[in-house]
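The chain contents come next:
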Amino acid sequence: MIVAIGSLHREAVGIIRSGDYTVVEAPEDFIAHRPVLSPTPGDNGTSRMPAVVLSGPGTDRAARATAWAIEEFSPEAIVSFGFGGATRDHEHPGDIVIGARVINLSGTPFEWSIIDTPESLGPDRTLRLAARTAVEVTGLDYHHGTIVTVSAVPRTSGMKRWLGEAINATAVDTETHAVADTAARAGVPWVSVLSILDDRDFELPTIIDRVGSGPRQRGTVAYIRHLSGSPLNLASLIRLGRASKHARRASASLTTFMAAFMEAHSTLTNEDRVLETA
């Protein structure tokens, strides 16, 4: 079984709706879904969709959810997926980013520039090939490069621009490295994929850091409370609301990608088994 580990419910809603899933009881406020095994002859009792585990935002949550998922599902591989921010001007909402490397930048933005050698991890070759096959077969716009994980969402275009130029990052998020590191320590192959949510030059309001901690973030209530104390952010929040179509586009890309990825991975692993027995 493959386990797909993400952060927010809105990232995975299309994937969950497109498959046959049962809810799994999970610790904390994590969300977990197990695919119903296929009865189709020749499928060897496997599913064409992954198990889905959602941690909520942040590296600590992502690491704990990944460790639990490994213990619960004993996966053959892990796919880290979710939304990410663009760090280059040619990336657009809904574009897929396949991580060639994953880098962790700890601390505040003021500390990023003094980190000499960021922690870097590389994905499994077969899984990365399956990801590349998935985007080419579906025609999704995609990029291949470094995903950088930071402790807080980069809200300004300057932050995202700096990550692209100084770190050579292709996209940024707040969970990917934690998932990859936990999987690697457990000896589980992994690959990381993001769907671009916000353009490099899109400025996020400060409310983005106060929306909640779990997979089902309480956006509307948090926005109203924030406005009562910071009415000057109304324009930013209106702009964020108008950009909600980007979230739908990014989620749709992940849904399309995941189905094609599972098919490509199944084909590649079956070919490997044939070669091994030949």
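Everything here concerns the structure above.
Residues numbered from 1 in each chain as written. Predicted model: local features only at pLDDT ≥ 70, side-chain atom pairs only at ≥ 80, totals over all residues. Heavy atoms only, no water.

Trainee: Help me out: how do you make sense of the overall build of the protein chain in this one?
Mentor: Broken down by element type, the protein chain carries nine helices and 10 strands. Expressed as a percentage of its 278 residues, the buried residues of the protein chain come to 52%. A total accessible area of about 13100 Å² is found for the protein chain, and carbon and sulfur atoms account for 51% of it. (Helix = DSSP H or I, 4+ residues; strand = E, 2+ residues; numbered from the N terminus. Buried < 20%, exposed > 50% of the residue type's maximum accessible area, 1.4 Å probe, protein only. Areas by Shrake-Rupley, 256 points an atom, 1.4 Å probe, with all protein chains shown as cover.)

Trainee: Looking at this model, I keep getting lost on the pairing of strand β1 (residues 2-6). Mind explaining?
Mentor: A regular strand carries its side chains on alternate faces of the sheet. In terms of burial, β1 is largely enclosed, as five of its five residues are buried. Residues I2, A4 and G6 point to one face of β1 and V3 and I5 to the other, with burial holding for every one of them. Inspection of the sheet shows β1 paired to strand β5 (residues 77-86) by four bridges, in the parallel sense. Following the sheet pairing, A4 is matched in β5 by V79. Pairing of β1 with strand β4 (residues 51-54), which is carried by four bridges, proceeds in the parallel orientation. Counterpart to A4 in the pairing with β4 is V52. (Pairing = 2+ DSSP bridges.)

Trainee: Help me understand the side chain of S195, please; the structure alone is not making it clear to me.
Mentor: In this structure, S195 sits in strand β10 (residues 190-198). Among the residues examined, S195 registers a relative accessible area of 0% and is labelled buried. Within polar-contact distance, the side chain of S195 engages the backbone oxygen of A250 at 2.9 Å. Discounting chain neighbours no more than four positions away, the residues touching S195 are G82, F83, G84, G94, D95, I96, A250, S253 and L254. (Polar contact = N/O pair within 3.5 Å; in protein donor to acceptor, adjacent residues only side chain to side chain. Contact = heavy atoms within 4.5 Å.)

Trainee: Would you take a moment to explain the pairing of strand β8 (residues 142-150) for this structure?
Mentor: In terms of burial, β8 is a largely internal element, seven of the nine residues being buried. With nine bridges joining them, strand β6 (residues 96-105) and β8 adopt parallel strand pairing. Bridging from a neighbouring strand, I103 pairs with V148 of β8. As judged from the four bridges shared by β8 and strand β9 (residues 169-173), these two strands associate in the parallel manner. Across the sheet, residue T149 finds its bridge partner in β9, namely D173.

Trainee: Please clarify how the environment of S157 should be interpreted in this entry.
Mentor: Among the secondary structure elements, S157 is positioned in helix α5 (residues 157-166). Along the primary structure S157 and A86 are separated by 71 residues, whereas in three dimensions their C-alpha atoms are 9.3 Å apart.

Trainee: Help me out: how do you make sense of α5 in this one?
Mentor: Residues lying three or four places apart along an α-helix face the same way, a consequence of the helix completing one turn every 3.6 residues. Residues of α5 that are buried include every one of S157, K160, L163 and G164, and no others. Looking straight down α5, one finds that the buried residues subtend no more than 130° of arc, so they occupy a single side. (Arc of directions from axis to C-beta.)

Trainee: Just checking my understanding: could you explain the environment of M262 for this structure?
Mentor: Relative to the helices and strands, M262 resides in helix α9 (residues 244-277). Each C-alpha atom, one on M262 and one on I2, is 8.5 Å from the other, the two residues being 260 residues apart in sequence.

Trainee: Explain the nonpolar core to me, please; I cannot follow it from the model alone.
Mentor: Nonpolar side chains in soluble globular proteins generally cluster together in the buried interior. Of all hydrophobic cores here, the largest spans 35 residues; its most connected members are I15, V52, F81, I96, F257, M258 and F261. Listed by contribution, the elements that provide at least two residues to this core are β1, α1 (9-18), β4, β5, β6, α4 (125-138), β10 and α9. Broken down by element, this core gets its largest block of residues, 10 residues, from α9. In this structure, V3, A62, L121 and V179 belong to the second largest nonpolar core, which totals 22 residues. (Core = buried A, V, L, I, M, F, W, Y, C linked by side-chain atoms within 4.5 Å.)

Trainee: Help me understand empty space enclosed by the protein in this model?
Mentor: One way to see where empty space is left: roll a probe the size of a water molecule over the atoms. Counting across every chain of the model gives one cavity of 30 Å³ or more. There is about 50 Å³ of room inside the largest cavity. If you trace the largest cavity, you find it lined by I5, G6, S7, S80, F81, G82, D173, E175, T176 and V179. Elements that contribute at least two residues to the lining of the largest cavity include exactly β1, β5 and α6 (176-185). Element by element, the count of residues in the lining of the largest cavity is highest for β5, at three residues. (1 Å grid on protein atoms, 1.4 Å probe; cavity = no way out; pocket = protein on both sides within 12 Å on 5 of 7 lines; lining within 4 Å. Points joined across faces, edges and corners; volume = space filled by probe spheres on them.)

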